[in-house]
Amino acid sequence: MIDAIASWMLQFGALNWLGETGASLVAVALVGITLFIFVAANAIVLVYVERKVSAFMQVRLGPMRVGPMGTLQTVADALKLLVKEDIIPQFADKVLFRVGPWVILISAFVAFAAIPFSPTWVPADMSIGLFYVLSVSSVVVIGIVMSGWASNNKWSLYGAMRSAAQIVSYEIPVGLSLLAAVAVVGTLNLQELIQAQAGVGNLFHWIPIPVPNWFIFNNPFLFIAAFVYLIAATAEVNRTPFDIPEAESELVAGFMTEFSGIRWALFFLSEYANAAVVALLTAIVFLGGWQSPFPDIQGARIGMSVLAVLAIIWTFYVKVKANRLSIYPLAVTVVLAVLAWLFPAFAQWLANPGLLWIAIKGGTIIFMLMWFRWTFPRLRVDQLMYVSWKVLLPLAMINLAGVAIWMWLTGAINLVG
Amino acid sequence: MTRLNAEEMVLNMGPQHPSTHGVLRLKLKTDGEIVSHIEPVIGYLHRCFEKHGENIEYQMVTPFTDRCDYLASMNNAHAYAMAVEKLMGIELPERVEYLRIIFAELQRIASHLVAVGTFGLDVGAITPFIYCFRERETILDLFEMASGARLLYNYIWIGGLAHDIPPGFVEKAYEFLDYFDDRVREYNRILTGNKIFIERAADVGVMPPEVAINYGVTGPNLRASGVDHDLRRVQPYSIYDRFDFKTIVGQGEMGTVGDCWDRYYVRVLEMEESAKIVRQALDQLPAEGDVQAAVPKKIRPPKGEIYFRSENPRGELGYYIISDGSNVPFRVKMRSPAFCNLSVINEIGAGWMISDVIAILGSLDIVLGEIDR
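Residues numbered from 1 in each chain as written. Chains lettered and ligands numbered in written order. Predicted model: local features only at pLDDT ≥ 70, side-chain atom pairs only at ≥ 80, totals over all residues. Heavy atoms only, no water.

### Thoughts on the interface of chain B and chain A
1) Next: Contact with chain B, which involves 33 residues of that partner, is made by 24 residues of chain A.
2) Next: Overall, the association of chain B and chain A removes approximately 2,600 Å² of surface from exposure, summing both partners, and the carbon and sulfur fraction of that is 60%.
3) Next: Looking only at chain B, the three residues that lose the most surface to chain A are Glu-33, Ile-126 and Ile-196 of chain B, adding up to 19% of its buried area.
4) Next: On inspection of chain B and its partner chain A, the count reaches two salt bridges.
5) Next: One salt bridge connects Arg-162 of chain A with Glu-33 of chain B, and the closest N-O pair in it is separated by 2.6 Å.
6) Next: At the surface where chain B touches chain A, the tally comes to 11 residue pairs in polar contact (both at pLDDT 80 or more).
7) Next: Only strand S1 (9-13), helix H4 (94-122), helix H5 (127-147), helix H8 (195-201) and helix H15 (354-364) of chain B provide two or more residues apiece to the side of chain B that touches chain A.
8) Next: It is S1 of chain B that provides the largest number of residues to the side of chain B that touches chain A, a total of five residues. (Contact = heavy atoms within 4.5 Å. Buried area = accessible area lost by both parts, 1.4 Å probe. Salt bridge = Lys/Arg side-chain N within 4 Å of Asp/Glu carboxyl O. Polar contact = N/O pair within 3.5 Å; in protein donor to acceptor, adjacent residues only side chain to side chain. Helix = DSSP H or I, 4+ residues; strand = E, 2+ residues; numbered from the N terminus.)

Okay, here's the thing in structure tokens:
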């Protein structure tokens, strides 16, 4: 994409003076700034969404005062954080204290460089994309330990130490469960991973239920791997039930305790950037990334109708079971299904791969992360390690072996060749 | 060879800490995550309740009792009023007795709701806390109807009540009970049966019955350890002998008898029992009666002393009152249940992790206003 922008710039005579290198540099800067705006906007939107989601789960309204439905609340909060006094504790390690938040933010931010947002829209289409994303996002732990240590606060130190143990442990199941998907196509390039998930096929290739060819439906082992990944990734981004590094009721705010103002905002920014990376990665590796779930116009129409029928059943179920009328899922799906049948162009748009689908998939995963957070209690440190080393790790390893055997049995790989 | 510096680290938990339930400070000696010794440091909320008691008239002490255990103001005032009444030999109208029971048990539900909710909060579940507070809000609305206040009521007077209940109160109370019946099921679904919650609470901080008795632990904490001791049953005061309710005793369903889970679940079930008592009291409530009929014009108990104990949501609340025959008590001593309950923390909490200490402290359900007085 950077090359495309650079060559597009060079087509203009006025920009010729930049030369090849200059144009590339400008393109890199442009893409970087766009991504940074995306990361910042992402945090602002997600904080608002998280507040609203938590409020609705807790029979509250959430922010309502600033802007319509409280939509400007996080903007106001961000402004407040910007003008807040920047306090550095007297006995803190001043250099590390300043650098720590940036390390976290940058490592969360640069992971976006390899994320494909649409068939053509990928900041850097690299052959080792998956490996790159995993490795840069694991630098977060260094930043956390730096900030926790530099705060010169016992609570922060506990948070940092817990975080170091946790992230390092959970990286292994994360890597192994992603590797299971890589084993199917044999590429680490995220675009190629997505391209391999096009079209519609049978569930696990042999159960005659038509499903999109996403890796989660590719074989039973990948189905499990997707959940292993989601659980491990929740732990890796420090969200409940694995939020022990910042455990609010235990460590006050963990490694962030001593930070205030804009430095604290950086933690927030990177937390949501990390959540977005995890959600997008789940969508890319297991849910087909920017691929549409519908193969063509007819597929879109039938798919939307199936969704509408499911919504009708759900509405009746809720009505009977909880005596509550939840009309929104029904209304939205029925309207979309009707639109898809009436306007072929709309159905075609639904069937096209693109930003829409990766946004929907990523959004769903982020919503699930929030759902976890507002439902579950928190695990204890030792239980967390138990889950990682004794449950997720063996499961991920068995999965990886299972995928290999499955591929061999179904003849997808040729062991001789 | 240089030796590793492996001494224990002293960690000050509180007085400014989200999970110490007020201004309590715990000095934790920690070896990594393991806590080897816990020393509670109290007194940050000391307001000279007992000294005040020696200098003001009997009826003026009632508002101070409200402020001791601010989550169970009704129960505190109830116990104090009963103590003075017994000292003076006042016979109460039936209606007053029933109304007092209704308020005391509603307050017990409200207090247990806070205990259950904050225990969930201590182990990291935020949503159940809000659900509990939603129900508590309804109870507070009822209290507001009756007394005009939502936290510190000064509603139970020596010899009666401040006012009679307003019209519509009984219907509202029934409405709340009907609504509340289903709520315990909701808590069980979101918190009690949650796998992570059980992992966090079961078998953690086990308090054997001998330890509980030796430390003077009372109330739900004692019953969770398997000791069937409820003052409403073993030494019925007021009119508790007229009601049909069970004493909830810890069964150790998820682990050992007397673990955090038991202490939590005993409270959940006690709320149901209290709701039963309120329903019976509402059914039997005499329609007529002046709630101030027995309020003495001058409160001047005869020379003597009394120790009166009652079952507070947190345990055995005792008042030791010495009268010298004047209208000012010579001494008002309060036996605070939460104070004794807190004293056991080192015995049951040492050796566990920091997160467990938080859970254990939460399961003891202390109120610092009452500990420091």
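### A few points about the pairing of strand S2 (residues 207-212) of chain A
1) Next: Pairing analysis gives four bridges linking strand S1 (residues 200-203) of chain A to S2 of chain A, with the strands arranged antiparallel. Looking at S2 of chain A, one finds that Leu-203 of chain A is bridged to Ile-207 of chain A. (Pairing = 2+ DSSP bridges.)

### A closer look at the domain arrangement of chain A
Residue and element names in this part refer to chain A.
1) Next: Domain annotation for chain A reports domain 1 (1-83) and domain 2 (85-292 + 353-409).
2) Next: One C-alpha centre belongs to domain 1, the other to domain 2, and the line joining them spans 21 Å.
3) Next: Listed per partner, the contact involves 22 residues of domain 1 and 26 residues of domain 2.
4) Next: Carbon and sulfur atoms make up 81% of the surface buried where domain 1 meets domain 2, a total of about 2,200 Å² over both sides.
5) Next: Remark: the boundary between domain 1 and domain 2 carries two salt bridges.
6) Next: Between Glu-50 and Arg-239 there is a salt bridge, and its shortest N-O distance comes to 2.8 Å.
7) Next: Breaking the side of domain 1 that touches domain 2 down by element, the ones donating at least two residues are helix H2 (19-57) and helix H3 (73-83).
8) Next: No other element matches H2, which puts 16 residues into the side of domain 1 that touches domain 2.
9) Next: Residue composition of the side of domain 1 that touches domain 2, grouped by class: 17 nonpolar, four polar and one charged. (Domains from an automatic or database assignment. Nonpolar A, V, L, I, M, F, W, Y, C, P; charged D, E, K, R; others polar.)

### Considerations on the packing of aromatic side chains
1) Next: By the definition in use, this model includes 33 aromatic pairs over all chains.
2) Next: When the centroid spacing of 5.5 Å and the interplanar angle of 80° are considered together, the rings of Phe-36 of chain A and Phe-109 of chain A count as edge-to-face. Here the residue Phe-36 of chain A occupies a position in helix H2, and Phe-109 of chain A occupies one in helix H4 (residues 94-110), the gap between them amounting to 73 residues.
3) Next: Residue Phe-109 of chain A is classed as buried on the basis of its relative accessible area of 17%.
4) Next: Plain terms: the ring middles of Phe-197 of chain B and Tyr-264 of chain B are 4.9 Å apart, the flat faces sit at 65° to each other, and that makes the pair edge-to-face. Pair noted here: Phe-197 of chain B is in helix H8 and Tyr-264 of chain B is in helix H12 (residues 260-284), with a separation of 67 residues, a long-range link. Across this residue pair, the class does not change: Phe-197 of chain B and Tyr-264 of chain B are buried.
5) Next: Here the aromatic residues Phe-103, Phe-143, Tyr-153, Tyr-155 and Phe-169 of chain B are joined through ring pairs into a cluster of three or more.
6) Next: Taking NZ or CZ as reference, Arg-373 of chain B lies 6.0 Å from the ring centre of Phe-339 of chain B, over its face. (Phe/Tyr/Trp six-rings, centres within 6.5 Å; stacked < 30°, edge-to-face > 60°. Buried < 20%, exposed > 50% of the residue type's maximum accessible area, 1.4 Å probe, protein only. Lys NZ or Arg CZ within 6 Å of the ring centre and 35° of its normal.)

### Considerations on the sheet that holds strand S7 (residues 315-323) of chain B
Residue and element names in this part refer to chain B.
1) Next: The strand order across the open sheet formed by three strands is S6-S7-S8, and the pairing between neighbours is antiparallel. Pairing within the sheet leaves two strands with one partner each, and these edge strands are strand S6 (304-312) and strand S8 (331-335). Pairs of neighbouring strands in the sheet enclose a mean axial angle of 15°, with direction left out of account.
2) Next: Relative to S8, S7 is paired through five bridges, and the arrangement is antiparallel. Along S8, the bridge assignment pairs Tyr-320 with Lys-333. (Axes fitted to C-alpha atoms, helices over the stretch in contact; angles between N-to-C directions.)

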